[in-house]
Amino acid sequence: MTIDEELQLYYANLPDDLPGEQRIADTIRSHASQHHNARRGVRNWWVAASATVATVAAIAIVAVVVTGKDRDNTSASGRRGPAAVPAVTIHLDVGGQQFALPNGGSRNIDLRIGHPVPITVAFTIPAGDTVKDVYLVVSGPNDVGFGAGPTGKVKILKHHDGPLAPGQSVSVTWSPTPVFDSNPVTLWVYYTFGGTGINDPIAQLHLSS
Amino acid sequence: VSVKWGKSAFERTLVSFENYAEQNVRPLLRTATAICGDRSLAEDLVQEVLLRVQIRWAKIGGLEHRDAYIRRMLVNEFLSSRRRRRSRAKAELRASEPDFAPDHASEQADRAAMRALLTGLPRQQQVVLALRYYAGLSDEETAEALRCKPGTVRSYASRALATLRLNAGKDLLENEGRGRP
C-alpha cells in the first residue's frame, strides 16, 4: 500500500462518533443567550446615553437662552451684579518690594519691627471707572469687619476719602509692630468701586525684631 | 439608533447562525479532527471558531464563500493555537487512544501509527494533507485556506509525503526488529 492510499484510508475512517458535538452546541447556545443579552445591554446603553445627551443639550440650550436674556437686560440697564465686578489690579509696594495683585491675592512679606517702611497701593481699573474711599488697614486674624469702613480689631494706617484720580496712589509709612498682639499681621486694602465696598487682604506681614 | 440595533434584525441574525451551527458543527468537527488528529483539541478549535463566527455573523453570514472563510478561520485557529496547546494536546492524545477490540487490533495500531506520524509533521503540512486527503480540496483552495500560493501548498505536500514515507519505513524496520526472536 502506498503512502497515498494509507492516507486516504486513514482520513476515510475518521471516527463518526463525535461526543463533543453536543457540548459545542450547548456552549454556542449558552453564548448566544449571553451575546444577545450583551447586545441588548449595549442597545439599552445607547438609548440611555442618547436620552442623557438630549437632556443635557436641552438644559444647555435653555441656560444659554436665559443667560442671554439676562445679559441683555444687564447691558441695557447698566446694572452690574456681584459676578460682574470688573477686574481690578492692585499694585502693592512695601519697602521697595513690588507686587501686582490681579483680582486680589496676597503675598508674604518679612518686615522688621520698629523699622519704618513705606507702603504704597495703586489701582489699575477700566477706563471711565473710579476707585474711591480707600483704606489701608492692618489687623490680626480675628475680629475684623468691614461695613461702611473697617471695623473691629483693626488699625487704620491711611484713609483716602473721596475718588482716587487716575494714576494716583495711596501711601503711608508704617513702623511695624504687632497689632492686637498678633504676628503675622494682615494688610488690608478697603475701597469702593462701582458702588460696591471691596476688602482685600493683600499681604501677610511677618514681623521680626 | 433603534434601526441599527433593532431587535428583530438581530434575532433574525441569531436564528440564522444557530441554523448554520447546527448543520455544520459535525463537518467542522470532522475537518478539525482530520487536521489536528485529536478529538479534544478539535472540539476546542471548532468551539472557538464558532463563537467568533457568532460574534461576527452579521458580516460572515452574508459572505459568498462563507464556508471557505470559516474553514480558513479554523485553520488559523489551529496554526495559532497549536504551539500553546502542544503539551496539552500530546497528553490528551495519549489519553484519548481508543480502546479497540482484539480483532481490530492491527487496524487500530495502524491508525495510531499514522496519527503519530501526522502529528509529528509541521503544522502547515498537517493542514495540507488533511485538506487534500480528507476534505478533497484542490491546491488552490488549500492555498486560500492557508493564505499562501498553490506552489507552496504543493511544496508542503511533497515534503510531508516524503517525511511520512521515510518515517513509515523506519517504523516498519523498528517493528520488524521488535518482532524478531
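It should be noted that the structure appears before, not after, this text.
Residues numbered from 1 in each chain as written. Chains lettered and ligands numbered in written order. Predicted model: local features only at pLDDT ≥ 70, side-chain atom pairs only at ≥ 80, totals over all residues. Heavy atoms only, no water.

Brief notes about the overall build of chain A
Along the backbone of chain A there are 2 helices and 9 strands. Seen in sequence order, chain A has helices and strands lined up from the N terminus as α-α-β-β-β-β-β-β-β-β-β. Residue burial in chain A is summarised as follows: out of 209 residues, 33% are buried. Here the analysis covers contacts within chain A between residues at least 6 apart in sequence; of these, 62% occur between residues at least 24 apart. (Helix = DSSP H or I, 4+ residues; strand = E, 2+ residues; numbered from the N terminus. Buried < 20%, exposed > 50% of the residue type's maximum accessible area, 1.4 Å probe, protein only. Contact = heavy atoms within 4.5 Å.)

Thoughts on the side chain of Arg72 of chain B
Residue and element names in this part refer to chain B. Turning to its location among the elements, Arg72 is positioned in helix H4 (residues 66-95). Put simply, Arg72 is tucked away with no salt bridge, and the nearest opposite charge, on Glu144, sits 4.0 Å away. At 3.2 Å, the side chain of Arg72 and the backbone oxygen of Glu144 are in polar contact. In contact with Arg72, not counting residues within four places along its chain, are Glu144, Ala145 and Arg147. (Lys, Arg positive; Asp, Glu negative; His and termini not counted. Salt bridge = Lys/Arg side-chain N within 4 Å of Asp/Glu carboxyl O. Polar contact = N/O pair within 3.5 Å; in protein donor to acceptor, adjacent residues only side chain to side chain.)

Details of the sheet that holds strand E4 (residues 117-124) of chain A
Residues and elements named next belong to chain A. Here 4 strands make up an open sheet; going across it, the order is E2-E1-E4-E7 and the pairing antiparallel. A strand with exactly one partner marks an edge of an open sheet, and here the two such strands are strand E2 (97-102) and strand E7 (170-174). Direction aside, neighbouring strands of the sheet carry axes that sit 15 degrees apart on average. Of the pairings in the sheet, the one linking strand E1 (residues 89-94) to E4 comprises 6 bridges and is antiparallel in character. Paired with Val94 across the two strands is Ile119, which belongs to E4. (Pairing = 2+ DSSP bridges. Axes fitted to C-alpha atoms, helices over the stretch in contact; angles between N-to-C directions.)

Things to note about the nonpolar core
Grouped together as the largest cluster of nonpolar side chains are 52 residues, with contacts concentrated most on Leu7 and Tyr11 of chain A together with Val46, Leu118 and Leu129 of chain B. When sequence neighbours within four positions are dropped, the list of residues in contact with Leu7 of chain A reads Met114, Leu118, Leu129, Tyr133, Leu161 and Leu164 of chain B. Grouped together as the second largest cluster of nonpolar side chains are 32 residues, Leu92, Leu101, Val134 and Trp174 of chain A included. (Core = buried A, V, L, I, M, F, W, Y, C linked by side-chain atoms within 4.5 Å.)

Side note on the sheet that holds strand E3 (residues 107-112) of chain A
Strand pairing in a sheet is mediated by backbone hydrogen bonds. Such pairs are either parallel or antiparallel. All names here are of chain A. The strand order E3-E9-E8-E5-E6 describes an open sheet built from 5 strands, whose pairing is mixed. What marks the edges here is a single partner per strand, and that holds for E3 and strand E6 (150-164). Between one strand axis and the next, the sheet turns by 30 degrees as a mean value, whatever way the strands run. Direction of pairing for strand E5 (residues 131-146) relative to E6: antiparallel, over a ladder of 11 bridges. Paired with Leu136 across the two strands is Lys158, which belongs to E6.

Re the packing of helix H6 (residues 123-134) of chain B against helix H7 (residues 139-146) of chain B
Residues and elements named next belong to chain B. Where H6 contacts H7, the two axes come as close as 10 Å, and the packing angle between them is 140 degrees. On the basis of their axis angle, the class for H6 and H7 is oblique. Of the two possible hands of crossing, H6 and H7 adopt the one that is right-handed. Side by side, H6 and H7 meet where Gln124, Val127, Val128, Leu131 and Arg132 of the first sit next to Asp139, Thr142, Ala145 and Leu146 of the second. (Parallel < 35°, antiparallel > 145°, perpendicular 65-115°, else oblique. Left-handed = near helix turned anticlockwise from the far one by under 90°.)

Details of H7 of chain B
Residue and element names in this part refer to chain B. Along H7, the positions that sit buried rather than exposed are Asp139, Thr142, Ala143, Ala145 and Leu146. Down the axis of H7, the smallest arc covering the buried residues is 160 degrees, so these residues share one side. Looking at the residues trailing H7, positive phi occurs at Arg147, about 55 degrees. (Arc of directions from axis to C-beta.)

Considerations on the pairing of E1 of chain A
As a general feature of sheets, a regular strand has side chains that alternate between the two faces. Residues and elements named next belong to chain A. Counting buried positions along E1 yields 5 of 6 residues, so the element is predominantly enclosed. As defined by bridge partners, E1 adjoins E2 across 6 bridges and the pair is classed as antiparallel. Looking across to E2, one finds that Asp93 is bridged to Gln98.

Observations regarding the packing of aromatic side chains
Counted under the stated rule, the structure contains 5 aromatic pairs over all chains. The interplanar angle of 65 degrees and the centroid separation of 5.6 Å between the aromatic rings of Tyr135 of chain A and Tyr190 of chain A together place this pair among those described as edge-to-face. With a gap of 55 residues between them, Tyr135 of chain A in strand E5 and Tyr190 of chain A in strand E8 (residues 185-193) connect regions that are remote in the sequence. Of the two residues, Tyr135 of chain A and Tyr190 of chain A, both sit in the buried class. The structure contains a cluster of three or more aromatic residues connected by ring pairs, namely Phe17, Tyr20 and Trp57 of chain B. (Phe/Tyr/Trp six-rings, centres within 6.5 Å; stacked < 30°, edge-to-face > 60°.)

Points about unusual backbone geometry
Residue and element names in this part refer to chain A. In this model, Asn183 is joined to Pro184 through a cis peptide bond whose omega is 10 degrees. Relative to the elements of secondary structure, Pro184 occurs in the loop between E7 and E8. Even without a glycine there, the phi angle at Asp133 is positive, about 55 degrees. With respect to the helices and strands, the residue Asp133 is situated in strand E5. The class for Asp133 is buried, based on a relative accessible area of 17%. The phi torsion at Phe180 lies on the positive side, around 50 degrees, for a residue other than glycine. Assessed through its relative accessible area of 48%, Phe180 is described here as partly exposed.

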